[in-house]
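Close look at the chain arrangement
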Amino acid sequence: MPDGMVAARASESTNSETQQIDVAVVGAGFAGLYLLHRLRKAGFSAVVLEEADDVGGTWYWNRYPGARCDIQTIDYSYTFDPELESAWKWSEKYATQPEILRYLGFVADRYDLRRDIRFGTKVTAATWDEGAQRWLLTTDNRAKVSCRHYIMATGCLSAPKPPEIEGVKDFKGEVYFTSRWPHAEVKLAGKRVAVIGTGSSGIQAIPLIAEQAAHLTVFQRTPNFALPAHNGPAPADRLALLEGDHAGYREQARWSLGGVPWPQQTVVSWQLSDAERRERFEKAWATGDLIYILTQLWADQAVDADGNALLADLIREKIRSTVHDPETAAALTPHDHPFGAKRPCLDTNYYATYNRPNVTLVNLRQEPIKAITSSGITTDKRGFDVDVIVFATGFDAMTGAIRAVHPIKGRGGKSLSDVWAHGPQTYLGLTVAGFPNLFMITGPGSPSVLSNMAVSIEQHVDWVVDRLTAMREAGFAAIEATDAAQAGWARHMADCSMLTLHRLANTWYTGANVPGKAQGVMPYTGGVGPYRSICNEVVGQGMLGFRLTGPNVPEQCNDGEIVRLQPDVRLVLNMLAEMKLPPLESFGSQGARDFVAQFNAARPAGRPVGEVVDGTLPSTDGPLPYRLYRPATPGPHPIVVYFHGGGWVLGDAQSDDPFCRDMCRRTGMIFVSVGYRHAPEHRFPTAAEDGYAAARWIAEHATELGGKVGPVLVAGWSAGGNIAAVTCQLARDRGGPQIAGQLLVCPVTDCTFDRPSYNDNVTGYFLTRSLMYWFWDLYSSPADRADPRVSPLRGKLAGLPPAYVVTCEFDPLRDEGIAYADALAAAGIAVEQLQARGHFHSSFTMVDVVITGVSGRARMAEAMRRFAGLPQEPRQGHESVRQGLPREVDAAAN
Ligand SMILES: Cc1cc2nc3c(=O)[nH]c(=O)nc-3n(C[C@H](O)[C@H](O)[C@H](O)COP(=O)(O)OP(=O)(O)OC[C@H]3O[C@@H](n4cnc5c(N)ncnc54)[C@H](O)[C@@H]3O)c2cc1C
């Protein structure tokens, strides 16, 4: 629509009086347009206030050469109206900015949206009027707006970051910002051009600017990973998927992790040979799809530094093979962050551009910019005379546009800037406690920039408009998040941030690109589908975490925390719940063993260790099997005698194989997993006596096993933790073996079933109370249960080896584990505890499934090394990815 027409329509709402409206929306991008459409359909009076002179948001402002989307356009589109979908055809796999802007204009026309948009109107401040229960918005243009609900659709990437360089005003040439590119053609032909910044915008613009400019000098502070877009028509295979089942394709996107329907990868990097990994990588490189390469190569690429490094190295190889000058190639190669931790870019000829004779790369890490002068840019080594400077320096992301409305005064006159002084605090990324009836679309704390934003925007808009509709029907006038819900969301966000590698990069995701900005991962890293299910759950639980009030209805406040489980534990438990499995005990003992074996076969294979040896060791009634895990490092190593879990009834070396491998790698010790005999065939005290006998034999045969002679250590999980604890008591009382330390993970320690954790976690966390009763009944008769060989809490505790006791919040065995640790401490034993928040009984043994268990296992390994008198090793995996990085915040422990 021509600007003149916009002005004519906008003037209809011009008056000096305050405009009274149900809902005011700020921003007319993807989010604002859909909001207006939905609000109108729901019968709300609404106005959109937009600083720009037309619709489009991001696509209105970012007109620089090469500006395109980097999610395939068939995915980066509205999906709310199938008729709209069939009315518009994209011309390319990745549409250009003009085409996306045309699309948004087409949408605005199709739903006649412009008549309720006040263009050229910037919202400058907002105040909540407690008495009227309304927001008053101040604008830089025409009437104020009084509204019941205030929705900020102001964009995650819409507040440009000001340049941090002295002297911009002195420069006599032309200055452009990619984020505010002029509407008129910018002529660069024959000019000496400087581009400052090599983020997504810079990487898109540089190849096209180089084609026009006499000379292009690129000033790069931080190299980014860029991948070839291989643009062209939309790929036939993706189109066929979409057209084959339109609704199904869209629905899959809504429940996916990134908002694009790719399945979740299950194969982990160490299951693939070098050649297989390379083949997958080359296919991805040729595909030219950001989400594909970010998610489809191997399952550990985004969550584990080692899995990630394999991929990052392959990309680095591509950069070296493309860029002819080795020094330029080295400068362009990122080494300071895991691949994907910072938004990777999609490019067309980016790296090859540096082979052109008219392009120079200046590495600001080696020669920082000193100043911009009247004629160009000087670094601390040289000067560059240029005619044009292009700033591609990015955005004050996620919070910039929200905080630019200043002040936003909530209840009691509290300012949002003050509340967010140490970083954004939100509930669901949608609302802020203390700011009733204020919503943010794709706000900090929601998947937003880590997703296909078209999908995330639709989800937010639908959720908000549905809530407003429900409130109206129930007679509520105000909605506000509670402090408890918001604090819980902050905890959940922190837990989620441990799932991925995003926290390990200095990036605009964390606020690191803006001097003085509070640091922390701002987008929700738990994924689009899980986030959607949480939002739905909030509603399903009676608007959990919200206070709803109205003039003629009683207040409703169902306060609480929506996610108390670790995010990956939640996923595992949801998946189990969906399987609607009968109780394990209903299978009978052999059936339960078969089921568990089948279940375990579906888990990722354990990680490689130096050697795995199966053998047998003697016991009173014949040989017992064992499996030995030897580290890859030169021995001899200390030996850990390990007892698997399974309620004395189930389990074997295979069931705890990933855990033993992981602990072998982390501790640098030999783990010998003992195949003790099971109930009901072998009841109490067989497991305990087998365990003790095995520990004794292993200690006596340390040399033969290739281990270090001297004290052994013991470890066990669940019933195995019970056997480990009992073995320590028997070893003390029966003259050996010497035990240097005990690791008890969620151990059974007592036959009392009335501690709170037995009642708090009756069902829902896989290990149920009735399953525990079943295990106890199969293993021991009530008359035997007070025997310390099955209830070690009832034994003598003095003189035992130092212990590390792990308990999980959502586990019936939690309190008896804590009781054992406390009793050990009271008996003078050196004991450390890890009380793992948000975890369940199997969290630490579901290696590579429950990613948030990593830091807990790292602590366990540190304790074991202390017990064995070994020096501490730097933490493995994603904990040691960045040199100089502070020690991990431990998601697992409070
Ligand atoms: C170059 C570029 C490429 C991108 N490519 C992709 C992609 O491929 N896939 C993807 O998912 N995302 C992409 N994004 C992210 C993109 O921002 C979102 O996809 C989407 O366009 C955001 O829509 P929005 O409506 O939430 O915000 P925006 O499009 O940013 O719109 C916000 C609007 O609010 C207005 N506004 C802000 N503050 C005020 C105020 N105080 N008063 C009045 N008006 C105000 C702004 O003028 C703006 O028009 C890209 C971003 C950029 C910059």
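Criteria and cut-off values
- Residues numbered from 1 in each chain as written.
- Predicted model: local features only at pLDDT ≥ 70, side-chain atom pairs only at ≥ 80, totals over all residues.
- Heavy atoms only, no water.
- Helix = DSSP H or I, 4+ residues; strand = E, 2+ residues; numbered from the N terminus.
- Rg over C-alpha atoms; globule rule 2.2 N^0.38 Å.
- Buried < 20%, exposed > 50% of the residue type's maximum accessible area, 1.4 Å probe, protein only.
- Areas by Shrake-Rupley, 256 points an atom, 1.4 Å probe, with all protein chains shown as cover.
- Lys, Arg positive; Asp, Glu negative; His and termini not counted.
- Charge placed at Lys NZ, Arg CZ, Asp CG, Glu CD.
- Core = buried A, V, L, I, M, F, W, Y, C linked by side-chain atoms within 4.5 Å.
- Near = heavy atom within 4 Å.
- Polar contact = N/O pair within 3.5 Å; in protein donor to acceptor, adjacent residues only side chain to side chain.
- Pairing = 2+ DSSP bridges.
- Axes fitted to C-alpha atoms, helices over the stretch in contact; angles between N-to-C directions.
- Contact = heavy atoms within 4.5 Å.
- Patch = residues over 30% accessible without salt bridge, like charges linked within 9 Å, V, L, I, M, F, W, Y side chains within 5 Å.
- Salt bridge = Lys/Arg side-chain N within 4 Å of Asp/Glu carboxyl O.
- Phe/Tyr/Trp six-rings, centres within 6.5 Å; stacked < 30°, edge-to-face > 60°.
- Lys NZ or Arg CZ within 6 Å of the ring centre and 35° of its normal.
- Bend = angle between axes of the 7 residues up to and from the residue.
- Disulfide = S-S within 2.5 Å.

The subject of this paragraph is the overall build of the protein chain. The helix and strand tally for the protein chain stands at 27 helices and 29 strands. Taking 2.2 N^0.38 as the reference for a compact globule, 894 residues should give roughly 29 Å; the C-alpha atoms of the protein chain span a radius of gyration of 31 Å, in line with that estimate. Projecting the C-alpha coordinates of the protein chain onto the three principal axes gives extents of approximately 95 × 75 × 50 Å. Split into buried and exposed, the 894 residues of the protein chain put 61% on the buried side. Accessible area for the protein chain stands at about 33,200 Å²; split by element, carbon and sulfur atoms hold 52% of it. Taken together, the 86 basic and 97 acidic charged side chains of the protein chain have centroids lying 3 Å from each other.

Moving on, we get to the nonpolar core. Counting 99 residues, the largest nonpolar core has F30, L428, W463 and W489 as the members making the most contacts within it. For this core, the leading source of residues is helix α16 (residues 453–474), giving 9 residues. Counting residues in hydrophobic clusters, the runner-up holds 75 residues, among them L584, F643, L650 and L813.

Moving on: the site of the ligand. Close to the ligand lie 33 residues, the nearest being E50, T58, D70, Y76 and M453. Take A31: an N or O atom from its main chain is 2.9 Å from an oxygen atom of the ligand. Within the backbone of E51, a nitrogen or oxygen atom sits 3.1 Å from a nitrogen atom of the ligand. Those elements that provide at least two residues to the shell around the ligand are α2 (30–41), α3 (58–61) and α16. Top element by residues in the shell around the ligand is α3. It accounts for 3 residues.

Turning our attention to the sheet that holds strand β21 (residues 553–557). Ordered in space as β19-β20-β21, the 3 strands form an open sheet in which the pairing is antiparallel. Two strands in the sheet have a free side with no partner beyond their single neighbour: β19 (478–481) and β21. For this sheet, the mean inter-axis angle between neighbouring strands, taken without regard to orientation, is 15°. Bridge analysis of β19 against strand β20 (residues 546–550) gives 4 bridges, and the strand direction is antiparallel. In the sheet register, A478 faces β20, and the bridge partner there is T549.

Before going further, it helps to examine the sheet that holds strand β7 (residues 174–177). Taken in spatial order, the 5 strands line up as β7-β16-β8-β9-β12 in an open sheet, and their pairing is parallel. Single-partner strands in this sheet number two, and they are β7 and β12 (359–363). With direction set aside, neighbouring strand axes in the sheet form an average angle of 20°. Bridge analysis of strand β9 (residues 215–220) against β12 gives 5 bridges, and the strand direction is parallel. Bridge pairing in β12 places V218 opposite L361. Against the sheet, helix α6 (residues 200–212) touches β8 (192–196), β9, β12 and β16 (388–391), its axis set at about 155° to β9.

Taken together, the side chains of M575, M579, L581 and F766 present a nonpolar region at the surface, about 320 Å² in accessible area. Its place among the elements puts M575 in helix α19 (residues 567–579). Note on M575: relative accessible area 44%, which makes it partly exposed.

Right, let's get into the packing of aromatic side chains. If you walk through the whole model with that rule in mind, you get 47 aromatic pairs. Note on F281 and W285: the rings are 5.5 Å apart at their centroids and 40° apart in plane angle, and the pair reads as tilted. Here F281 and its partner W285 are both found in helix α9 (residues 274–287), 4 residues apart, which amounts to about one turn of the helix. By the burial criterion, F281 is buried, and W285 matches it. Taking 5.2 Å as the distance between ring centres and 70° as the angle between the ring planes, the aromatic pair formed by F753 and Y773 counts as edge-to-face. Of this pair, F753 sits in the loop between β27 (739–745) and α24 (756–760) while Y773 is found in helix α25 (residues 769–779), placing the two residues 20 residues apart along the sequence. Judged by its relative accessible area of 33%, Y773 is partly exposed. Three or more aromatic residues joined by ring pairs make a cluster, and in this case those are F30, Y34, W59, Y76, Y78, F80, W88, W90, Y103, F106 and Y111. The ring of W61 is capped by R180, whose NZ or CZ atom sits 3.9 Å from the centre of that ring.

Cis geometry marks the peptide bond from H406 to P407; its omega dihedral reads 0°. That bond from F684 to P685 is cis: its omega, 5°, falls within 30 degrees of zero. Structurally, the position occupied by P685 is in the loop between β25 (670–674) and α22 (686–700). The backbone phi angle of W648 is positive, close to 65°, even though this residue is not glycine. When you line up the elements, W648 lands in the loop between β24 (639–643) and α21 (657–667). Take W648: its relative accessible area is 0%, and that puts it in the buried class.

Glancing now at the environment of E327. Structurally, E327 can be placed in helix α12 (residues 326–332). Sequence separation between E327 and W697 is 370 residues; the distance between their C-alpha atoms is 60 Å.

Attention now moves to the pairing of strand β23 (residues 622–630). Judged from the 9 bridges that link them, strand β22 (residues 611–619) and β23 form a sheet pairing that is antiparallel. Counterpart to P618 in the pairing with β23 is P623. With antiparallel pairing between neighbouring strands as the criterion, β22 and β23 make up a hairpin whose turn holds 2 residues. With 4 bridges connecting them, β23 and β25 associate as antiparallel partners. Counted as the bridge partner of Y626 is V674 from β25.

Our next topic: the pattern of salt bridges. Tallied over the full model, the rule gives 51 salt bridges. Between R115 and D112 there is a salt bridge, with the nearest N and O atoms lying 2.7 Å from each other. Take D112: its relative accessible area is 32%, and that puts it in the partly exposed class. Residue E809 pairs with R564 through a salt bridge whose shortest N-O separation is 2.9 Å. With a gap of 245 residues between them, E809 in strand β28 (residues 803–810) and R564 in the loop between β21 and α19 connect regions that are remote in the sequence. Residue classification places R564 among the partly exposed positions, given a relative accessible area of 43%. One continuous salt-bridge network, built from bridges that share partners, spans R40, D112, R115 and D116.

Before going further, it helps to spend a moment on the side chain of N452. Its location among the elements puts N452 in the loop between β18 (438–440) and α16. Polar contacts involving the side chain of N452 include one to the main-chain carbonyl oxygen of G259, which spans 3.2 Å. In this view, N452 contacts I71, D75, Y76, G258, G259 and V260; residues no more than four positions away in its chain are not counted.

Next up on the list: α6. At I206, α6 shows its maximal kink, close to 35°; a proline, P207, follows between one and four residues later. For α6, the complete set of buried residues consists of S201, G202, I203, Q204, A205, I206, P207, I209 and A210.

Turning our eyes to something else, we now look at the state of the cysteines. Covalent bonding between the sulfur atoms of two cysteines defines a disulfide. All told, the structure shown has 0 disulfides when counted by the stated rule. Cysteine C496 remains unbridged, with the sulfur of C535 as its closest cysteine sulfur at 12 Å. Given the relative accessible area of 0%, C496 is considered buried. There is no disulfide at C728, and the cysteine sulfur nearest it, in C660, is 16 Å away. A relative accessible area of 2% places C728 in the buried class.

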